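Observations on the three-dimensional arrangement
Single-letter residue listing:
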Amino acid sequence: MINIGVLALQGAVREHAAALEAADVNVITVKRTEELNGLDGLVFPGGESTTMRRLIDKYGFFEPLKKFSEQGNPMFGTCAGAILMAKEIVGQDPHLGVMDMTVQRNAFGRQRESFEAPLKVKGIGDDVHGVFIRAPIIVSTGPAAEVISEYDGEIVAAKQGNFLACSYHPELTDDHRMHQYFVEMIRKNRLAA
Ligand code: GLN
(Lines give C-alpha, C1' and ligand atoms only; values in the text may rest on other atoms or scores of the structure.)
Protein backbone atom coordinates (compact mmCIF):
# COMPACT_ATOMS: atom_id res chain seq x y z
CA MET A 1 0.00 0.00 0.00
CA ILE A 2 1.23 3.48 -0.81
CA ASN A 3 1.38 5.88 2.14
CA ILE A 4 0.77 9.53 1.33
CA GLY A 5 0.86 12.28 3.91
CA VAL A 6 -1.08 15.52 3.83
CA LEU A 7 0.61 18.26 5.84
CA ALA A 8 -2.16 19.04 8.30
CA LEU A 9 -1.11 22.30 9.94
CA GLN A 10 -3.62 24.50 8.12
CA GLY A 11 -5.75 24.59 4.96
CA ALA A 12 -7.78 22.18 2.83
CA VAL A 13 -6.51 18.98 4.47
CA ARG A 14 -9.70 16.89 4.53
CA GLU A 15 -10.42 17.56 0.86
CA HIS A 16 -6.96 16.31 -0.18
CA ALA A 17 -7.32 13.25 2.03
CA ALA A 18 -10.67 12.43 0.39
CA ALA A 19 -9.26 12.85 -3.13
CA LEU A 20 -6.30 10.59 -2.30
CA GLU A 21 -8.48 7.97 -0.64
CA ALA A 22 -10.45 7.83 -3.89
CA ALA A 23 -7.15 6.85 -5.54
CA ASP A 24 -6.93 3.91 -3.16
CA VAL A 25 -3.89 4.87 -1.13
CA ASN A 26 -3.32 5.06 2.61
CA VAL A 27 -3.58 8.69 3.76
CA ILE A 28 -1.84 10.05 6.84
CA THR A 29 -2.70 13.54 8.06
CA VAL A 30 0.68 14.77 9.23
CA LYS A 31 0.67 16.89 12.39
CA ARG A 32 3.93 15.76 13.95
CA THR A 33 7.35 15.44 12.30
CA GLU A 34 7.66 11.72 13.19
CA GLU A 35 4.71 11.09 10.89
CA LEU A 36 6.92 11.89 7.90
CA ASN A 37 8.76 8.61 8.47
CA GLY A 38 7.64 5.91 6.10
CA LEU A 39 5.72 8.21 3.75
CA ASP A 40 6.01 7.61 0.01
CA GLY A 41 4.90 11.15 -0.79
CA LEU A 42 3.56 14.33 0.77
CA VAL A 43 0.88 16.87 -0.17
CA PHE A 44 0.97 20.54 0.80
CA PRO A 45 -2.62 21.79 0.76
CA GLY A 46 -4.00 25.16 -0.23
CA GLY A 47 -4.68 27.66 2.51
CA GLU A 48 -2.50 30.56 3.53
CA SER A 49 1.22 30.15 2.93
CA THR A 50 2.39 32.67 5.55
CA THR A 51 0.30 30.97 8.24
CA MET A 52 1.46 27.54 7.13
CA ARG A 53 5.08 28.65 7.25
CA ARG A 54 4.59 30.04 10.76
CA LEU A 55 3.22 26.68 11.87
CA ILE A 56 5.98 24.79 10.04
CA ASP A 57 8.50 26.72 12.14
CA LYS A 58 6.49 26.47 15.35
CA TYR A 59 6.22 22.68 15.14
CA GLY A 60 9.80 22.10 13.97
CA PHE A 61 8.90 20.94 10.47
CA PHE A 62 11.29 23.08 8.45
CA GLU A 63 14.41 20.89 8.54
CA PRO A 64 12.52 17.56 8.38
CA LEU A 65 10.63 18.81 5.30
CA LYS A 66 13.85 19.97 3.64
CA LYS A 67 15.37 16.57 4.34
CA PHE A 68 12.28 14.80 3.02
CA SER A 69 12.59 16.73 -0.26
CA GLU A 70 16.35 16.24 -0.50
CA GLN A 71 15.81 12.50 -0.24
CA GLY A 72 13.88 12.84 -3.49
CA ASN A 73 10.50 11.98 -2.00
CA PRO A 74 7.55 13.05 -4.16
CA MET A 75 5.76 16.24 -3.13
CA PHE A 76 2.61 17.88 -4.47
CA GLY A 77 1.66 21.46 -3.57
CA THR A 78 -1.60 23.18 -4.47
CA CYS A 79 -1.97 26.97 -4.31
CA ALA A 80 -0.44 27.96 -0.94
CA GLY A 81 1.33 24.56 -1.08
CA ALA A 82 2.93 25.51 -4.39
CA ILE A 83 4.09 28.78 -2.82
CA LEU A 84 5.76 26.80 -0.01
CA MET A 85 7.64 24.72 -2.58
CA ALA A 86 8.88 27.56 -4.84
CA LYS A 87 12.56 28.55 -4.94
CA GLU A 88 11.57 32.19 -5.32
CA ILE A 89 8.59 34.28 -4.32
CA VAL A 90 8.21 37.77 -5.78
CA GLY A 91 8.78 40.38 -3.06
CA GLN A 92 9.58 38.06 -0.17
CA ASP A 93 11.89 35.30 1.00
CA PRO A 94 11.09 31.77 -0.14
CA HIS A 95 9.97 29.00 2.21
CA LEU A 96 11.12 25.44 1.43
CA GLY A 97 12.55 26.38 -1.96
CA VAL A 98 12.47 22.89 -3.43
CA MET A 99 11.09 23.63 -6.90
CA ASP A 100 12.84 25.57 -9.61
CA MET A 101 10.19 28.24 -10.14
CA THR A 102 9.27 31.78 -9.16
CA VAL A 103 5.73 32.44 -7.92
CA GLN A 104 3.78 35.61 -7.35
CA ARG A 105 1.10 35.47 -4.71
CA ASN A 106 -2.50 36.62 -5.23
CA ALA A 107 -1.56 37.37 -8.79
CA PHE A 108 -4.81 37.19 -10.72
CA GLY A 109 -6.04 40.58 -9.56
CA ARG A 110 -8.94 41.71 -7.42
CA GLN A 111 -11.70 41.33 -9.96
CA ARG A 112 -10.72 37.71 -10.42
CA GLU A 113 -9.86 36.79 -6.84
CA SER A 114 -11.61 33.50 -7.34
CA PHE A 115 -12.83 31.88 -10.52
CA GLU A 116 -13.13 28.55 -12.23
CA ALA A 117 -11.83 27.62 -15.65
CA PRO A 118 -11.26 24.51 -17.76
CA LEU A 119 -7.57 23.75 -18.12
CA LYS A 120 -5.37 21.77 -20.43
CA VAL A 121 -2.87 19.92 -18.26
CA LYS A 122 -0.12 17.99 -19.98
CA GLY A 123 -0.26 14.29 -19.18
CA ILE A 124 -3.66 14.64 -17.49
CA GLY A 125 -6.33 16.01 -19.84
CA ASP A 126 -7.78 18.88 -21.84
CA ASP A 127 -10.69 19.51 -19.52
CA VAL A 128 -9.30 19.66 -15.99
CA HIS A 129 -11.57 21.71 -13.76
CA GLY A 130 -9.44 24.53 -12.32
CA VAL A 131 -10.65 26.25 -9.15
CA PHE A 132 -8.60 29.37 -8.41
CA ILE A 133 -8.86 31.15 -5.05
CA ARG A 134 -6.55 34.10 -4.45
CA ALA A 135 -4.21 32.03 -6.56
CA PRO A 136 -0.54 32.54 -7.28
CA ILE A 137 0.91 32.63 -10.77
CA ILE A 138 4.06 30.72 -11.56
CA VAL A 139 5.91 33.64 -13.12
CA SER A 140 8.73 31.53 -14.48
CA THR A 141 10.25 28.08 -14.24
CA GLY A 142 13.94 27.26 -14.28
CA PRO A 143 15.51 24.64 -16.56
CA ALA A 144 14.82 21.81 -14.12
CA ALA A 145 11.03 22.34 -14.11
CA GLU A 146 8.53 21.67 -16.86
CA VAL A 147 5.41 23.75 -17.45
CA ILE A 148 2.39 21.44 -17.67
CA SER A 149 -0.45 23.96 -17.72
CA GLU A 150 -1.07 27.56 -18.64
CA TYR A 151 -4.19 29.67 -18.29
CA ASP A 152 -4.57 32.97 -20.08
CA GLY A 153 -0.86 32.97 -20.89
CA GLU A 154 0.13 32.42 -17.25
CA ILE A 155 1.79 29.27 -15.92
CA VAL A 156 -0.51 27.51 -13.46
CA ALA A 157 1.07 24.06 -13.09
CA ALA A 158 4.60 22.66 -13.25
CA LYS A 159 6.45 19.42 -12.65
CA GLN A 160 10.04 18.81 -11.73
CA GLY A 161 11.07 15.19 -11.32
CA ASN A 162 9.14 14.02 -8.26
CA PHE A 163 7.69 17.46 -7.51
CA LEU A 164 4.32 18.69 -8.74
CA ALA A 165 2.76 22.11 -8.14
CA CYS A 166 -0.36 23.92 -9.28
CA SER A 167 -1.96 27.31 -8.63
CA TYR A 168 -5.47 25.88 -8.49
CA HIS A 169 -7.27 23.50 -6.13
CA PRO A 170 -7.90 20.03 -7.58
CA GLU A 171 -8.89 18.93 -4.05
CA LEU A 172 -12.00 21.12 -4.20
CA THR A 173 -13.47 19.30 -7.20
CA ASP A 174 -14.70 15.77 -7.89
CA ASP A 175 -12.09 15.49 -10.61
CA HIS A 176 -9.32 13.48 -8.97
CA ARG A 177 -7.05 13.11 -11.98
CA MET A 178 -4.31 15.38 -10.57
CA HIS A 179 -4.19 13.24 -7.43
CA GLN A 180 -4.16 10.05 -9.49
CA TYR A 181 -1.30 11.52 -11.51
CA PHE A 182 0.62 12.21 -8.29
CA VAL A 183 -0.03 8.66 -7.11
CA GLU A 184 1.37 7.39 -10.43
CA MET A 185 4.47 9.58 -9.92
CA ILE A 186 4.92 7.89 -6.54
CA ARG A 187 4.45 4.40 -8.02
CA LYS A 188 7.12 5.11 -10.63
CA ASN A 189 9.42 6.49 -7.94
CA ARG A 190 9.00 3.33 -5.86
CA LEU A 191 9.78 1.14 -8.86
CA ALA A 192 12.89 3.20 -9.62
CA ALA A 193 14.12 2.97 -6.00
N1 GLN B 1 -3.18 33.58 -1.31
C2 GLN B 1 -2.76 32.46 -0.54
C3 GLN B 1 -1.29 32.58 -0.13
O4 GLN B 1 -0.62 33.45 -0.59
C5 GLN B 1 -2.99 31.16 -1.27
C6 GLN B 1 -4.45 30.95 -1.50
C7 GLN B 1 -4.88 29.54 -1.53
O8 GLN B 1 -4.17 28.59 -1.17
N9 GLN B 1 -6.12 29.38 -1.92
O10 GLN B 1 -0.83 31.79 0.61
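Residues numbered from 1 in each chain as written. Predicted model: local features only at pLDDT ≥ 70, side-chain atom pairs only at ≥ 80, totals over all residues.

Attention now moves to the UniProt feature "binding site: L-glutamine" (unreviewed entry) in the protein chain. UniProt records the feature "binding site: L-glutamine" (unreviewed entry) at Gly47, Glu48, Ser49, Arg105, Ile133 and Arg134, using the numbering of this structure. For the residues just named, distributed over 88 residues, the greatest C-alpha separation is only 12.9 Å, placing them together at one site. Among the structural elements, Ile133 can be located in strand β8 (residues 125-133). Given 19 C-beta atoms within 10 Å, Ile133 falls into the partly exposed group. Ile133 has contacts with Cys79, Ser114 and His169, leaving out every residue within four places of it along the chain. With respect to the helices, strands and loops of the structure, Arg134 is situated in the loop between β8 and β9 (137-141). In this structure Arg134 comes out as partly exposed when scored by C-beta crowding, with 16 C-beta atoms within 10 Å. (UniProt positions renumbered as here; feature names shortened; annotations may be inferred. Helix = DSSP H or I, 4+ residues; strand = E, 2+ residues; numbered from the N terminus. Buried ≥ 20, exposed ≤ 12 C-beta atoms within 10 Å, placed from the backbone. Contact = placed C-beta atoms within 7 Å.)

Looking now at the site of the ligand. In the vicinity of the ligand, the contacting residues are Gly46, Gly47, Glu48, Ser49, Cys79, Ala80, Ile83, Arg105, Asn106, Ile133 and Arg134. Looking at the shell around the ligand, its residues break down into four nonpolar, four polar and three charged. (Near = placed C-beta within 6 Å. Nonpolar A, V, L, I, M, F, W, Y, C, P; charged D, E, K, R; others polar.)

Let's shift gears to the environment of Ile4. Along the chain, the position of Ile4 falls in strand β1 (residues 3-7). Taking the number of C-beta atoms within 10 Å as the measure of exposure, Ile4 has 26 and is therefore buried. In the structure, Ile4 is positioned 25 residues away from Thr29 in sequence and 8.6 Å away in space, judged by C-alpha atoms. In this structure, Ile4 is in contact with Leu20, Val25, Val27, Leu39, Asp40, Gly41, Val43 and Ile186, ignoring residues within four places of it in sequence.

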